[in-house]
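Topology and contacts: notes
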Amino acid sequence: MFKKFSTSTDIAGQTPVKQSVQRSLRAAVLAQWKIEPETLDAIWPKKEGLVHVKCRDHLSIYTVHGEPIFFQHFDGPMYPTLRLLHKYPYILPMVRIDRGAIRFLLGGAHMMCPGLTSNGGYLPPPEEALPAATPVAIHAEGKEHAVGVGITKMGTEEMRKVNKDIGVETVTYLGDDLWTLQTI
């Protein structure tokens, strides 16, 4: 999504978000992420203005003081930026890829089921199974912080059974153009 993103050519405009829309965005974020209202207030204070940055391909980036905090594609789920995920690692459920898949993730590839189900990989246990279309933090074997954000293409139990094809579609990853973008 952010593989060849340039602020000079891909940003169509920036507009401040109305308070009523900010309230609905705040409610959507609280419903989608595992986050407390107090933590969300620390990330995005209620009195601070939110700026909607409209980009190509129906991509919306929301910023506070010019710093991107989350983004959305069409009317899909809200995704935190990796910088925000490094500060608050518990806001998205975690999956882990094995060492062999790290170089593919850092190249922008989607994560295949074998990389998630092998010895170095991790999927949540059956009692905490994730359904399809759930935003997840992608961690790498042996690394402390998340190296990507993605969305599950199938449920975690189905990933274990099928063990082939794309398991997690990568949305943003360490080193892509959203990562290098510190302020807008």
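None of these values were measured; they are calculated from a predicted model.

In terms of nonpolar packing, the biggest core is built from 36 residues, with W33, W44, L50 and F70 touching the most fellow members. The set of elements that each furnish at least two residues to this core consists of α2 (19–32), α3 (37–43), β2 (51–55), β3 (59–64), β4 (67–73), β5 (78–80), α4 (82–87) and β9 (146–152). Among the elements that make up this core, the one with the highest residue count is β3 (four residues). Excluding anything up to four places from it in sequence, W33 contacts F70, M78, Y79, P80, L84, I91 and L92. Within the second largest apolar cluster, 18 residues are counted, among which are C113, I138, A140 and Y173.

As a further point, take the UniProt feature "domain: PUA" (unreviewed entry) in the protein chain. The sites that UniProt annotates as "domain: PUA" (unreviewed entry) are residues 93–175. Strand forms 33% of residues 93–175 and helix 19%; the C-alpha atoms that close the span are 21 Å apart.

Quick look at the packing of aromatic side chains now. Summed over all chains, the structure comprises seven aromatic pairs. Arranged with centres 6.1 Å apart and planes meeting at 90 degrees, the rings of W33 and F70 form a pair that is edge-to-face. On the criterion of sequence distance, the pair formed by W33 in the loop between α2 and α3 and F70 in strand β4 is long-range, its members being 37 residues apart. F70 shares its class with W33; the two are buried. Here the aromatic rings of Y88 and Y90 are separated by 6.4 Å at their centres, their planes lie at 90 degrees, and the arrangement is edge-to-face. Members of the aromatic cluster, each reached through a chain of ring pairs, are F2, F5, F71 and Y79.

Below, the discussion takes up the pairing of β2. Bridge count between strand β1 (residues 11–16) and β2: five bridges; the pairing is antiparallel. Bridge pairing in β2 links I11 to C55. Strand direction decides the pairing type here: β2 and β3, joined by five bridges, are antiparallel. Along β3, the bridge assignment pairs V53 with I61.

Conventions and cut-offs
- Residues numbered from 1 in each chain as written.
- Predicted model: local features only at pLDDT ≥ 70, side-chain atom pairs only at ≥ 80, totals over all residues.
- Heavy atoms only, no water.
- Core = buried A, V, L, I, M, F, W, Y, C linked by side-chain atoms within 4.5 Å.
- Buried < 20%, exposed > 50% of the residue type's maximum accessible area, 1.4 Å probe, protein only.
- Helix = DSSP H or I, 4+ residues; strand = E, 2+ residues; numbered from the N terminus.
- Contact = heavy atoms within 4.5 Å.
- UniProt positions renumbered as here; feature names shortened; annotations may be inferred.
- Phe/Tyr/Trp six-rings, centres within 6.5 Å; stacked < 30°, edge-to-face > 60°.
- Pairing = 2+ DSSP bridges.

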